[in-house]
Amino acid sequence: MGWLSKFFKGSNHEVSEGDYNWRYEDNTAPYGNYPSTSSDPRSEIDDIDRAIAISLAEEDGRGKHVISDDYQLKEDEQLARALQESLKVESPPRHRYGNRNGNGNMYQPIPFPYSTGFRVCAGCNYEIGHGRFLSCMGAVWHPECFRCHACNQQIADYEFSVSGNYPYHKACYKEHYHPKCDVCKHFIPTNAAGLIEYRAHPFWAQKYCPSHEHDGTPRCCSCERMEPRETSYAALNDGRKLCLECLDSSVMDTSECQPLYYDIQAFYESLNMRVEQKIPLLLVERQALNEAMDGERNGHYHMPETRGLCLSEEQTISTVLRRPRIGMGNRVPDMRTEPYKLTRRCEVTAILVLYGLPRLLTGSILAHEMMHAWLRLQGYRTLSQDVEEGICQVLAHMWLKPQIAFISSSNTSSATSSRQGKRSPFDKKLAEFFKHQIESDMSPIYGNGFRAGNQAVLKYGLPSTLEHIRLTGSFPF
């Protein structure tokens, strides 16, 4: 059988190329060139014929007889024919695009209970046979069966990505899984460590590139959302920016705020906390509010920006007299202010609120500042900051909850209260955001104070909590 040994040595082909190594850090795998296995079966047959002829010639030249009898000759001829026929066997037919279910998803390879000795394509589950194949993802594939799970096109790139045991073109994977910035609409870039880094708002779930915090991208002073590129917004005269959704329900001047002020007074009366004195309410710009804070000897201010103030001192305040209108270039022209002289007739001289905020935010600020006024007018002794600001936040939170319920009920009917004003679907989300701000505030005075006060009110009720504060200056536990 010397000719058989020479044949195997002369037709030794490599078939183990194409193994891939995972790169876990970016969820991609290198994609090698398609390896060649067998070439044309006819050339293999010619190789066999030449090998047989050479082997016989060598034996004849040495004067040796390979075939000792007819039986041995017949056996060798049958073996040679069997080898020739095995090389003629072609791979069984397979589907061009592999087996796929109704949703276009690639089937997983069918496990075999025992080794068959054949390579089975993980895409179509047919034997690969002789020809080019791929070895990746722990399986072998026909090249045309290795397809992107997103676009269903053949993957012929050097690298590909994997998600959920499915292969993707790198571009398709990025389009489906790489987060996009909600401001510039571009893919969020990776940082120096190769990781995707972005900022996200805890309530709105808005994702944006970290660079937008420093590149002048406008942020709404009410809802705190970054304004997407090519989106209009209102620029208030004191430098604040207001998105158009918040602008839709904004309260722009002192006279416009009076109906809301009456609503807050009615809310306090419903709690048996009527404010007897008539306290002036003024809507002011940021600069006027800051100046009033400087002139107030006693007061607690919520940083980074205070939006309301309960005054006890006599001052002259510049108040917004006429509602401004939105002009060209997002500017707010024609806003008129006038000085307002505050006279001290009681412990509270005025309540100041920033102009231009949505009705619901303005109302919650009013409810907060009204509680300051009520405490002073009721003769409560000087309280610690966390107790006084905490109980004021509790009242603002209590006012917002029925507002959310009212908006939900009004959305189911065509009629809305003229006193409550027009409601939009965004108003409910905005009210929930303001409520969320109070609940999630992490400041030790406003945040911790609210949580301690709210827990006391839920446990003992508001009247008992207020009485305990009057007697002890602290919340009951």
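Small disclaimer: the values here were computed from a predicted structure and weren't measured.

Chemist: Quick rundown of the overall build of the chain? Include the residues and the values.
Modeler: Across its full length, the chain holds twelve helices and 16 strands. Here the chain holds 477 residues, and the buried ones make up 43% of them. Within the chain, counting contacts between residues at least 6 apart in sequence, those at least 24 apart form 60% of the total. Carbon and sulfur atoms provide 50% of the accessible area of the chain, an area that totals close to 26000 Å².

Chemist: Just give me the short version of the packing of aromatic side chains, but keep the residues and values in it.
Modeler: One pass over the full model with this rule turns up twelve aromatic pairs. Seen in terms of ring centroids, Trp-204 and Phe-433 are 5.4 Å apart; in terms of plane orientation they differ by 40°. Their pairing is tilted. Within this pair, whereas Trp-204 is found in the loop between β6 (199–200) and β7 (207–208), its partner Phe-433 is found in helix α10 (residues 425–440), the two being separated by 229 residues in sequence. Considering the side-chain rings of Phe-267 and Tyr-268, the 5.7 Å spacing of their centres and the 90° angle between planes classify their relative orientation as edge-to-face. Take Phe-267: its relative accessible area is 12%, and that puts it in the buried class. Taking the relative accessible area as the measure of exposure, Tyr-268 reaches 1% and is therefore buried. Each member of the aromatic cluster is reached from another via a ring pair, and the members are Phe-203, Trp-204, Phe-426, Phe-433 and Phe-434. Here the basic side chain of Lys-180 rests over the ring of Phe-187, its NZ or CZ set 5.1 Å away from the ring centre.

Chemist: Outline the pattern of salt bridges, listing residues and values.
Modeler: Tallied over the entire structure, the rule returns twelve salt bridges. A salt bridge links Arg-199 to Glu-197, with the shortest nitrogen-to-oxygen separation between them at 3.3 Å. Taking relative accessible area as the criterion, Glu-197 reaches 34% and is therefore assigned partly exposed. Where Arg-274 meets Glu-276, a salt bridge forms, and the shortest distance between an N and an O atom there is 3.4 Å. Classification of Arg-274 by relative accessible area gives partly exposed; the value is 46%. Members of the salt-bridge network, linked through shared partners, are Glu-197, Arg-199 and Glu-213.

Chemist: If you had to explain unusual backbone geometry to someone new, which residues and values would you point to?
Modeler: The phi torsion at Asn-125 lies on the positive side, around 65°, for a residue other than glycine. Summarising the element assignment, Asn-125 is placed in the loop between α3 (70–88) and β2 (134–136). Its identity is not glycine, yet Met-137 carries a phi of approximately 55°, on the positive side. You can see Met-137 is positioned in the loop between β2 and β3 (139–141).

Chemist: Hey, could you go over the environment of Gln-378 for me, with residue numbers and the actual values?
Modeler: Residue position: Gln-378 is located in the loop between α8 (359–377) and α9 (385–410). Measuring from C-alpha to C-alpha, the distance between Gln-378 and Met-273 comes to 9.7 Å, with 105 residues separating the pair along the chain.

Chemist: Please provide a residue-by-residue account of the pairing of strand β15 (residues 350–354), values included.
Modeler: It is a general feature of regular strands that their side chains alternate between the two faces of the sheet. Of all the five residues making up β15, five are buried; the element is thus mostly covered by neighbouring parts of the structure. Neither face of β15 is exposed, since Ala-350, Leu-352 and Leu-354 on one face and Ile-351 and Val-353 on the opposite face are all buried. Bridge count for strand β11 (residues 281–284) against β15 is four bridges, and the pairing is parallel. Residue Val-284 lies in a different strand from β15, and its bridge partner there is Leu-354. Where strand β12 (residues 308–311) and β15 come together, four bridges link them in antiparallel fashion. Among the inter-strand pairings, Cys-310 is bridged to a residue of β15, identified as Ile-351.

Chemist: I'd love a proper account of the packing of α9 against α10, names of residues and values included.
Modeler: Close contact between α9 and α10 brings their axes to 9 Å; oriented N to C, the two are set at 160°. Comparing the axis directions of α9 and α10 gives the class roughly antiparallel. Between α9 and α10 the crossing geometry is left-handed. The residues of α10 that touch α9, namely those facing Gln-393, Ala-396, His-397, Leu-400, Lys-401, Ile-404, Ile-407 and Ser-408, are Asp-427, Lys-428, Ala-431, Glu-432, Phe-434, Lys-435, Ile-438 and Glu-439. Considering only residue class, the contact of α9 with α10 consists of seven nonpolar, three polar and six charged.

Chemist: Describe the environment of Ser-440, listing the residues and the values that go with them.
Modeler: Relative to the helices and strands, Ser-440 resides in helix α10. A distance of 2.7 Å separates a polar atom in the side chain of Ser-440 from the backbone oxygen of His-436.

Chemist: Explain the side chain of Arg-240 to me, and be specific about the residues and the numbers.
Modeler: Structurally, Arg-240 is set in the loop between β8 (233–235) and β9 (241–243). In terms of polar contacts, Arg-240 uses its side chain to reach the side chain of Asp-238, at 2.9 Å. One polar contact links the side chain of Arg-240 to the main-chain carbonyl oxygen of Tyr-355, over a distance of 2.7 Å. If sequence neighbours within four positions are ignored, Arg-240 has contacts with Cys-221, Ala-234, Ala-235, Arg-286, Glu-305, Leu-354, Tyr-355 and Leu-357.

Chemist: Explain the sheet that holds β11 residue by residue, including any values.
Modeler: One open sheet accounts for three strands, arranged β11-β15-β12; its pairing is mixed. Edge positions in the sheet fall to β11 and β12, since each has one partner strand and no second. Neighbour-to-neighbour, the strand axes of the sheet open up by a mean angle of 20°, direction not taken into account. Packing of helix α6 (residues 254–270) onto the sheet brings it into contact with β11 and β15, and relative to β11 it is tilted by some 130°. Set on the sheet, α8 makes contact with β11, β12 and β15; between it and β12 the angle comes to about 20°.

Chemist: Describe the confidence of the model for the chain, naming the residues involved and giving the relevant values.
Modeler: A low pLDDT score tells you not to read the predicted coordinates there in detail. When pLDDT is averaged along the chain, the result is 75; 64% of the residues meet or exceed 70. When the elements of the chain are averaged for pLDDT, helix α1 (residues 2–10) gives the smallest value, 33, and helix α11 (residues 446–460) the largest, 96. Below a pLDDT of 50 lies the segment residues 86–116, which in the model reaches 53 contacts outside its immediate sequence neighbourhood of four places, other chains included. pLDDT under 50 marks residues 414–420. Its contacts with residues more than four places away, or in other chains, come to eleven contacts.

Chemist: Could you give an account of the side chain of Ser-222, with specific residues and numbers?
Modeler: Inspection of the secondary structure puts Ser-222 in the loop between β7 and β8. Note on Ser-222: relative accessible area 0%, which makes it buried. If sequence neighbours within four positions are ignored, Ser-222 has contacts with Leu-242, Cys-246, Arg-307, Pro-358, Leu-361, Phe-433 and Phe-434.

Reading the values: rules and limits
Residues numbered from 1 in each chain as written. Predicted model: local features only at pLDDT ≥ 70, side-chain atom pairs only at ≥ 80, totals over all residues. Heavy atoms only, no water. Helix = DSSP H or I, 4+ residues; strand = E, 2+ residues; numbered from the N terminus. Buried < 20%, exposed > 50% of the residue type's maximum accessible area, 1.4 Å probe, protein only. Contact = heavy atoms within 4.5 Å. Areas by Shrake-Rupley, 256 points an atom, 1.4 Å probe, with all protein chains shown as cover. Phe/Tyr/Trp six-rings, centres within 6.5 Å; stacked < 30°, edge-to-face > 60°. Lys NZ or Arg CZ within 6 Å of the ring centre and 35° of its normal. Salt bridge = Lys/Arg side-chain N within 4 Å of Asp/Glu carboxyl O. Pairing = 2+ DSSP bridges. Axes fitted to C-alpha atoms, helices over the stretch in contact; angles between N-to-C directions. Parallel < 35°, antiparallel > 145°, perpendicular 65-115°, else oblique. Left-handed = near helix turned anticlockwise from the far one by under 90°. Nonpolar A, V, L, I, M, F, W, Y, C, P; charged D, E, K, R; others polar. Polar contact = N/O pair within 3.5 Å; in protein donor to acceptor, adjacent residues only side chain to side chain. pLDDT = per-residue confidence, 0-100.

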